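The chain contents come next:
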Amino acid sequence: MTDNAPMMPILRVEGVSFVYDSPIGGKSVQALNDISLVVETGTILTVIGPSRSGKSTFLRLLNRLQEVSGGGHLTGTILLEGRDIYDDSYDAYQLRREVAFTFDKPQALDLSIRENILFGPRLAGITRRDELDGLVEETLQAAFLWDEVKDRLDLNANRLSGGQKQRLSIARSLALRPKLLLLDEPCSALDPVSTAAIEQALIKIKHRTTVILVTNNTKQAARIGDRTAFFLMSDLVEIGPTRVIFTNPNDQRTDDYIAGRFG
Ligand code: ADP
Ligand code: MG
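Criteria and cut-off values
Residues numbered from 1 in each chain as written. Chains lettered and ligands numbered in written order. Predicted model: local features only at pLDDT ≥ 70, side-chain atom pairs only at ≥ 80, totals over all residues. Heavy atoms only, no water. Helix = DSSP H or I, 4+ residues; strand = E, 2+ residues; numbered from the N terminus. Rg over C-alpha atoms; globule rule 2.2 N^0.38 Å. Buried < 20%, exposed > 50% of the residue type's maximum accessible area, 1.4 Å probe, protein only. Contact = heavy atoms within 4.5 Å. Areas by Shrake-Rupley, 256 points an atom, 1.4 Å probe, with all protein chains shown as cover. Lys, Arg positive; Asp, Glu negative; His and termini not counted. Charge placed at Lys NZ, Arg CZ, Asp CG, Glu CD. Near = heavy atom within 4 Å. Polar contact = N/O pair within 3.5 Å; in protein donor to acceptor, adjacent residues only side chain to side chain. Nonpolar A, V, L, I, M, F, W, Y, C, P; charged D, E, K, R; others polar. Core = buried A, V, L, I, M, F, W, Y, C linked by side-chain atoms within 4.5 Å. Pairing = 2+ DSSP bridges. Axes fitted to C-alpha atoms, helices over the stretch in contact; angles between N-to-C directions. Parallel < 35°, antiparallel > 145°, perpendicular 65-115°, else oblique. Left-handed = near helix turned anticlockwise from the far one by under 90°. Phe/Tyr/Trp six-rings, centres within 6.5 Å; stacked < 30°, edge-to-face > 60°.

1. What about the overall build of the protein?
Line of reasoning, step 1. For the protein, the helix and strand inventory stands at eleven helices and ten strands.
Line of reasoning, step 2. Taken over C-alpha atoms, the radius of gyration comes to 19 Å for the protein, in line with the 18 Å a tight globule of 263 residues would show.
Line of reasoning, step 3. Considered along the principal axes of its C-alpha atoms, the protein spans approximately 55 × 50 × 40 Å.
Line of reasoning, step 4. The burial tally for the protein puts 48% of its 263 residues in the buried class.
Line of reasoning, step 5. For the protein, contacts bridging at least 24 residues in sequence account for 67% of all contacts bridging at least 6.
Line of reasoning, step 6. Only carbon and sulfur atoms are counted for the fraction: they give 49% of the accessible area of the protein, which is about 13100 Å².
Line of reasoning, step 7. Within the protein, the 34 negative side-chain charges are centred at a point lying 4 Å from the centre of the 31 positive side-chain charges.

So this is what it looks like as structure tokens:
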């Protein structure tokens, strides 16, 4: 490969549509309609759009979380580093280690701070004490939580504040060294200080772990996105460099949404 060869995107989404099965007596719901996009390695993609646009469905398809939570029909292709994640040969558990997920509500396991982080690595068979200790510090540093908890790693994680728990969730995700980190409105319940810490953490993380952040806060998308995608009623209206989306979008609907004229 020469220096000017185009980087292989970490994620390539091609013509993805998703329809939720109809509940008894109800109508099926087309949640995504022919979505195509790529995500470059080492970047943050921010995903914006009003509620019910399909943002969460999109994210849940990327690590096959959707197939755990219920029925629906997917068409199109999702390639992680060129490999079809829905191919029979792709183990879903391996995929979920490679593609981590952080939810909107801060959640901690009913364990110490240290054991929250080590839960995944221990399942993965890591037993060396120095390696485990190293992981605890490295991931808490990356999530901007280390300084606040380093003297009380044995404290039950549920004693932490919501913002701290959310950063712990991010640290827990990073402990499996994922290639891609998906976050679904992770700051929607947090104060501005915790939100700022998470934004800093994502900017630091992205060089090692590519980030896709769904956010209901367009200002947050503008602050930390390298590229931004705007979803509206199941469609990807447009995707581009964040600066362009926020200053000179192609589509009038994008302009109206970021200007707050609807949403
Ligand atoms: P967003 O995250 O942008 O708010 P969602 O992906 O949650 O959008 O929802 C997209 C559409 O799919 C909405 O119309 C929503 O009602 C529908 N939907 C989401 N989850 C389910 C489900 N489990 N069963 C049926 N319809 C669903
Ligand atoms: Mg959602």
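2. Examining the site of ligand 1
Line of reasoning, step 1. All residues adjacent to ligand 1 are Tyr-20, Val-29, Ala-31, Pro-50, Ser-51, Arg-52, Ser-53, Gly-54, Lys-55, Ser-56, Thr-57 and Arg-60.
Line of reasoning, step 2. Separating an oxygen atom of ligand 1 from a backbone N or O atom of Ser-53 is a distance of 3.0 Å.
Line of reasoning, step 3. Backbone polar atom of Gly-54 to an oxygen atom of ligand 1: 3.0 Å apart, as the coordinates give it.
Line of reasoning, step 4. Counting residues per element, the ones that place at least two in the shell around ligand 1 are strand S2 (29-39) and helix H1 (55-62).
Line of reasoning, step 5. The element that contributes the greatest number of residues to the shell around ligand 1 is H1, accounting for four residues.
Line of reasoning, step 6. Of the residues contributing to the shell around ligand 1, the split by class is four nonpolar, five polar and three charged.

3. Details of the nonpolar core
Generally speaking, soluble globular proteins have nonpolar side chains that are buried together.
Line of reasoning, step 1. Core analysis: the biggest nonpolar cluster contains 35 residues, and Ile-113, Ile-117, Leu-140, Leu-168, Ile-170, Leu-202 and Ile-205 have the highest contact counts within it.
Line of reasoning, step 2. Looking at this core, the elements that each hand over two or more residues are helix H4 (113-123), helix H5 (129-142), helix H6 (146-149), helix H7 (162-174), strand S7 (180-184), helix H8 (192-205) and strand S8 (210-214).
Line of reasoning, step 3. It is H5 that provides the largest number of residues to this core, a total of five residues.
Line of reasoning, step 4. By size, the runner-up hydrophobic cluster in this structure holds 31 residues, among which are Leu-37, Val-39, Ile-212 and Leu-236.

4. Re the sheet that holds strand S6 (residues 99-102)
By definition, the strands of a sheet pair up through backbone hydrogen bonds, in either a parallel or an antiparallel sense.
Line of reasoning, step 1. Ordered by their spatial adjacency, six strands build an open sheet running S6-S7-S8-S3-S9-S10, and the pairing between neighbours is mixed. Two strands in the sheet have a free side with no partner beyond their single neighbour: S6 and strand S10 (235-241). Here the average twist between neighbouring strands, direction ignored, is 15°.
Line of reasoning, step 2. Running at roughly 145° to S8, H8 makes contact with strand S3 (44-48), S7 and S8 of the sheet.

5. Comments concerning the packing of H5 against H7
Line of reasoning, step 1. Where H5 meets H7, the axes come as close as 8 Å, and the angle between the chain directions of the two elements is 130°. On the basis of the axis angle, H5 is oblique to H7. In the packing of H5 onto H7, the handedness of the crossing is right-handed. Here Thr-139, Leu-140 and Ala-142 of H5 come into contact with H7, specifically with Leu-168, Ala-171 and Leu-174.

6. Thoughts on the pairing of S8
Line of reasoning, step 1. Within S8, five of the five residues are buried, which leaves it mostly tucked inside the rest of the structure.
Line of reasoning, step 2. Of the two faces of S8, the one holding Thr-210, Ile-212 and Val-214 and the one holding Val-211 and Leu-213 are both buried throughout.
Line of reasoning, step 3. Pairing of S3 with S8, which is carried by four bridges, proceeds in the parallel orientation. Looking at the pairing, Leu-45 lines up with Ile-212 of S8.

7. Observations concerning the packing of aromatic side chains
Line of reasoning, step 1. In total, this model carries five aromatic pairs according to the counting rule given.
Line of reasoning, step 2. Relative to Phe-231, the ring of Phe-58 lies with its centre 5.2 Å away and its plane at 50°, an arrangement referred to as tilted. Placement of Phe-58 in helix H1 and of Phe-231 in strand S9 (residues 227-232) is noted, with a sequence separation of 173 residues between them. You'll find Phe-58 and Phe-231 in the same group, each marked buried.

Everything listed here is a matter of geometry and, on its own, says nothing about what the molecule does.
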